[in-house]
Amino acid sequence: MTILVTGATGNVGRHIVAQLAERGESVRALTRRPDRAQLPAGAVAVQGDLTDLDSMRAALEGCEAVHFITFDGATGAPLQNGAELVALAEASGVQRISVLGGWFESTLEPALRARSIPWAQLAPVEYMTNAFEWAPEVAQHRRVRTLADWPSAMIHAGDIAAVAVVLLTQEGHDGQVYYLTGPEALTPAERAARLGEALGEDVEWIHLDEGEEVERLRAFGYDEAYVAFGLELAKNPPEVGQIVQDTVTRLTGQPGRTFAQWARENVEAFRG
């Protein structure tokens, strides 16, 4: 089976490509810059862009399954050509699709609902990689500062990928939306402690007030719309993000990776 992975050089896409290649699947990795892709052995880099239908027509030729992201990899904007992409996939004979969903729908999801190709959606509640936002402050001051104090069941990108591999290689998932979490829900203070354990040093968590949180978000260079979104999320988190799901274990047969594991894998980013 030939499988096309879009977003192939992203946090999740890289894991999908690697896991499919390890299984011996025929993998095409869509990338705008094949010369920089640094793919694992067995994966084939295919030059293309989700917003360029001619490149997608060539990339999809002969593929039985596709993993889609729902945004333009160059700009991060939601896809506006979902109907055209799904029509191309259908015309190419694609039999199975996985979709990595985001906070908001793009044009891709309704287009898939209107077509006949079996598809399923990955809905991660929060990525462990979001903790990279803390790296400069941990590296410089051994501290984490947030307004949010609620637990999050963050998930490892490799576990998102493992579920995607199941959806791409097995039948029986059509129409499903799979909420994905890690095996535990940890507060920012608990995550700071796990980072400290990986570093072998204490990492302090400091609880901010709303004004301090606004300034913290602005310091990252976010625009005011995102600052307002981040503030609202810190104060009123979605309940689903705090509830541990068994989806990873149920679909893959393997336990999800913990935040402590992720911290050990990425400790150098926090060391300073």
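Note that the structure is a prediction, hence the values are computed from the model and not measured.

*Asks:* Where do I start with the layout of surface pockets in this structure?
*Replies:* A water-sized probe, rolled over the atoms, reveals where empty space remains. Size it by volume and the second largest pocket reaches roughly 160 Å³. Gln19, Glu22, Arg23, Ala162, Val165, Val166, Thr169, Gln170 and Thr252 are the residues that line the second largest pocket. Elements represented by at least two residues in the lining of the second largest pocket include exactly helix H1 (11-23) and helix H6 (157-169). Among the elements that make up the lining of the second largest pocket, the one with the highest residue count is H6 (four residues).

*Asks:* So what exactly am I meant to see when it comes to the pattern of salt bridges here?
*Replies:* Between side chains of opposite charge, pairing is possible as soon as their charged atoms come close. In total, this model carries 17 salt bridges according to the counting rule given. A salt bridge links Arg115 to Glu90, with the shortest nitrogen-to-oxygen separation between them at 2.4 Å. Here Glu90 lies in helix H3 (residues 82-91) and Arg115 lies in the loop between helix H4 (108-113) and strand S6 (119-124), a separation of 25 residues in the sequence. A salt bridge links Arg143 to Glu137; its shortest N-O distance comes to 2.7 Å. On the accessibility criterion, Arg143 (26% relative accessible area) is partly exposed. The network of salt bridges with shared partners includes Glu133, Glu213 and Arg216.

Conventions adopted
Residues numbered from 1 in each chain as written. Predicted model: local features only at pLDDT ≥ 70, side-chain atom pairs only at ≥ 80, totals over all residues. Heavy atoms only, no water. 1 Å grid on protein atoms, 1.4 Å probe; cavity = no way out; pocket = protein on both sides within 12 Å on 5 of 7 lines; lining within 4 Å. Points joined across faces, edges and corners; volume = space filled by probe spheres on them. Helix = DSSP H or I, 4+ residues; strand = E, 2+ residues; numbered from the N terminus. Salt bridge = Lys/Arg side-chain N within 4 Å of Asp/Glu carboxyl O. Buried < 20%, exposed > 50% of the residue type's maximum accessible area, 1.4 Å probe, protein only.

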